[in-house]
Protein chains: 2
Amino acid sequence: MFTQQELSQLINATIERIDYPDLAPKLFEPVQYMLSSGGKRVRPCLVLMAANLFSDDIQPALTPAVGLEIYHNFTLLHDDVMDKAPERHGKPTVHLKWNENSAILSGDAMQALAYTYIATVPTPVLRPVIEAFNKMNVEIGEGQQLDIDFETRQDVTADEYIQMIRLKTSVLLGCALRMGGLIGRQLAIDSRNGMEGKPEDIDLLYTFGENVGLAFQLQDDWLDCWGDPATFGKRIGGDILCNKKTYLLIRALQMADGKNLETLLQEINPKKAGMGEEEKIEFFKKVYAECGAESACRKAIEYYQATALDALNHLSIDRKRTKALSALAQSLTHRKK
Amino acid sequence: MFTQQELSQLINATIERIDYPDLAPKLFEPVQYMLSSGGKRVRPCLVLMAANLFSDDIQPALTPAVGLEIYHNFTLLHDDVMDKAPERHGKPTVHLKWNENSAILSGDAMQALAYTYIATVPTPVLRPVIEAFNKMNVEIGEGQQLDIDFETRQDVTADEYIQMIRLKTSVLLGCALRMGGLIGRQLAIDSRNGMEGKPEDIDLLYTFGENVGLAFQLQDDWLDCWGDPATFGKRIGGDILCNKKTYLLIRALQMADGKNLETLLQEINPKKAGMGEEEKIEFFKKVYAECGAESACRKAIEYYQATALDALNHLSIDRKRTKALSALAQSLTHRKK
């Protein structure tokens, strides 16, 4: 089986060899820029790792995996335009380095290119792969829309928040694993290697990815408060300072009472807020811990993590082959950065 | 066979019945707005007309046809953002009625929805349909990029211009006909109706659509000068006033000489231009006619029209069944508005 490092290298090599359409080269300059900016290549790795569960040959999954990475970068590119973000991976964003129209148009072209790469899957799995990808593609848009909707709502519930992060991030991880699983199983069937597992394995892989994604995103909320400043990469308390409706804040607004609740509500209202930055961060963290929001967040992370691993354990696949996925899940949801 | 009017009604009825994803309803409000704004539904009609060549049952082509209309409206939506256009079909554009972020995000969701609808084609033709659609999708982006590139170039050749309009508009008509043809032939094969024609018919249909598109676009350039103000819908001379690099201007810059060329160059240079609006329109039209650009444009229109009809005539399909397509081609390329 391939290690995660080997898979990343395979993916980066494939990205470097992308043969961009050449009738209007300027269209793909921002695309190359986005794709060369690095990132952890988590999603294409998941495609390949899922394929590798069923087949030692993962070559046919490589181009579709890169398609998913192109798609992911398309969402980042358009998100950056919408957020007016100045930087990504320490480099100026496309709409600043080029302009907003380039960012919109090249993003659209990335979606087209992603589908082109994904449609290279073996024909017997083309329909389920395209359908899974289409479903995820619509859901990602819905997640982004909910995120925008929530900015101006004060009554977002924890369930609604989970739904939003599920749509905005988890479905892409689920889709990566479903795609890889579908391709891998087909390769197993074609090569009669005896490792094709069962059809239910595909849904289990999706469930695994979806729950890893939820645990990952909640961990991100938690790390904003209690992460290690040396490794977190972002300023600790950044979410608190911009009144971001994280799982912690949503739960605290529901669980805190009395003076604590009153002060929380006051401080997230720009017209009434009075605390200094460090004071605000410390106060929010204190309330999150006291009212039970922090422990609710930790419990939720553990729940989604356990659900993910449970799905993995139900796969009809030799436990040795699932180790890499289970290790990746641990690293993503126990990470310090 | 179905008349174009019947097909339009079928398409509009299907569009009205679209079951939008409902997890974030705001995402699809601009989509419904775009799709209810009317338009001639030319592209989905082409899908259905091509399917109808091979099969009296066109039901399985209806959802994919609407997918192509959704796609077309996605390109219009993002084009309007990039052009900062205030109106479309007499109604405020999405980025003004909602905001720019909504227009970007809902446009992206339209691309996802388009693929969802298109992927409903019968499984035996899923691969060629998706591949044709992907190719077209990339090309549309390239055409838009070339259009932007040409704005700041003074040396665009007639061939480059043709390439740009081919990518920006014609490939979508070609793709509509290819999709419809692929679906229709499959239905003919499945139902053994004896009308399946030959595999080459699919490429011929594409060629037909591509050339109709070129003739249509050149006709649009010509109508800007010599259209009937009562029916053209836009101001006559609008392209001239904004120095748009139409086929006529590009050819005139190549064919005019002496004082005429000098004055053309002066008047398309905002720093040197001196003519009043009506004077400018009359002068440009006079030069276009005198230098041969107008007749070159008419000849090109006739050439692409003839190429289109020639492709249609080579189809291995009963001539009676191709009448509707040939009439549509005539109406699109001999139109007065």
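Predicted, not measured: the structure shown is a model, and the values here were computed from it.

Draft legend 1. Here's a closer look at the relation of the copies chain B and chain A. When chain B is fitted onto chain A, the two copies agree to an RMSD of 0.0 Å after a turn of 180 degrees and an axial shift of 0.0 Å. As the rotation angle and translation indicate, the two copies are arranged about a two-fold axis. Same-surface contact between copies: 100% of interface residues of chain B are shared with the interface of chain A.

Draft legend 2. Spotlight on the environment of Gly39(A). By secondary structure assignment, the location of Gly39(A) is in the loop between helix 2 (29-35) and helix 3 (42-54). Spatially, the C-alpha atoms of Gly39(A) and Glu69(A) are 9.9 Å apart, while their sequence positions differ by 30 residues.

Draft legend 3. Expanded view of the packing of aromatic side chains. The tally for this structure, following the rule as stated, stands at 21 aromatic pairs over all chains. Each ring, one from Tyr115(A) and one from Phe133(A), has its centre 4.8 Å from the other, and the planes form 85 degrees; the classification is edge-to-face. Of this pair, Tyr115(A) sits in helix 6 (residues 100-118) while Phe133(A) sits in helix 7 (residues 126-151), placing them 18 residues apart in sequence. According to the relative accessible area criterion, Tyr115(A) is buried, its value standing at 0%. Seen in terms of ring centroids, Tyr115(A) and Tyr115(B) are 3.4 Å apart; in terms of plane orientation they differ by 5 degrees. Their pairing is stacked.

Draft legend 4. Just the side chain of Thr322(A), in detail. All names here are of chain A. With respect to the helices and strands, the residue Thr322 is situated in helix 16 (residues 319-333). For Thr322, a relative accessible area of 3% translates into the label buried. Within the structure, Thr322 has its side chain in polar contact with the backbone oxygen of Arg319 (distance 3.0 Å). Once you skip the residues sitting within four places of it in the chain, Thr322 turns out to touch Leu53, Leu312, Leu315 and Ile317.

Draft legend 5. Quick peek at the pattern of salt bridges. All names here are of chain B. Taken as a whole and judged by the stated rule, the model has 27 salt bridges over all chains. Asp155 is paired through a salt bridge with Arg153; the nearest N and O atoms lie 2.9 Å apart. For Arg153, a relative accessible area of 26% gives the class partly exposed. Two residues, Asp203 and Arg178, come together in a salt bridge whose shortest N-O distance is 2.9 Å. In this pair, Asp203 sits in helix 9 (residues 200-226) while Arg178 sits in helix 8 (residues 158-191), placing the two residues 25 residues apart along the sequence.

Draft legend 6. Inspection of the confidence of the model for chain A at higher detail. Per-residue confidence for chain A averages 95 on the pLDDT scale, and 99% of its residues sit at or above 70. Across the predicted assembly, pTM comes out at 0.96 and ipTM at 0.95.

Draft legend 7. Looking closely at helix 1 (residues 4-16) of chain B. All names here are of chain B. In this model helix 1 runs 18 Å from its N-terminal to its C-terminal C-alpha over 13 residues, within 8% of the 18 Å that 1.5 Å per residue would give. For helix 1, the complete set of buried residues consists of Leu7, Ser8, Ile11, Thr14 and Ile15. The arc that holds every buried residue of helix 1, seen down its axis, measures 130 degrees, which confines them to one face. More than 90 degrees from the buried face of helix 1, the exposed residues found are Gln5 and Glu16. Where helix 1 is buried, its residues touch helix 2 (29-35), helix 3 (42-54) and helix 4 (59-83).

Draft legend 8. Geometry of the environment of Thr333(A). Residues and elements named next belong to chain A. Inspection of the secondary structure assignment puts Thr333 in helix 16. A residue is classified by how much of its surface remains accessible, and Thr333, at 1% relative accessible area, is buried. Between the C-alpha atoms of Thr333 and Glu29, which are 304 residues apart in sequence, the distance is 34 Å. In this structure Thr333 touches Val212, Ala215, Phe216, Gln219, Ile301 and Gln305, once residues within four positions along its chain are discounted.

Draft legend 9. Representation of the interface of chain B and chain A. On the side of chain A, 42 residues touch chain B, which itself brings 42 residues to the contact. Together chain B and chain A conceal approximately 3600 Å² of surface at their shared face, both sides included; 63% is due to carbon and sulfur atoms. The three residues of chain B that bury the most area against chain A are Leu23(B), Leu105(B) and Arg127(B), which together make up 17% of that side's buried surface. One can count 0 salt bridges joining chain B with chain A. Where chain B packs against chain A, one counts 14 residue pairs in polar contact (both at pLDDT 80 or more). Broken down by secondary-structure element, the contributors of at least two residues to the side of chain B that touches chain A are helix 4, helix 6 (100-118), helix 7 (126-151) and helix 8 of chain B. By residue number, the principal contributor to the side of chain B that touches chain A is helix 7 of chain B, which donates 13 residues. Considering only residue class, the side of chain B that touches chain A consists of 22 nonpolar, 12 polar and 8 charged.

About the criteria used
- Residues numbered from 1 in each chain as written.
- Chains lettered and ligands numbered in written order.
- Predicted model: local features only at pLDDT ≥ 70, side-chain atom pairs only at ≥ 80, totals over all residues.
- Heavy atoms only, no water.
- Least-squares fit on C-alpha atoms with pLDDT ≥ 70 in both.
- Contact = heavy atoms within 4.5 Å.
- Helix = DSSP H or I, 4+ residues; strand = E, 2+ residues; numbered from the N terminus.
- Phe/Tyr/Trp six-rings, centres within 6.5 Å; stacked < 30°, edge-to-face > 60°.
- Buried < 20%, exposed > 50% of the residue type's maximum accessible area, 1.4 Å probe, protein only.
- Polar contact = N/O pair within 3.5 Å; in protein donor to acceptor, adjacent residues only side chain to side chain.
- Salt bridge = Lys/Arg side-chain N within 4 Å of Asp/Glu carboxyl O.
- pLDDT = per-residue confidence, 0-100.
- Expected span 1.5 Å × (residues − 1).
- Arc of directions from axis to C-beta.
- Buried area = accessible area lost by both parts, 1.4 Å probe.
- Nonpolar A, V, L, I, M, F, W, Y, C, P; charged D, E, K, R; others polar.

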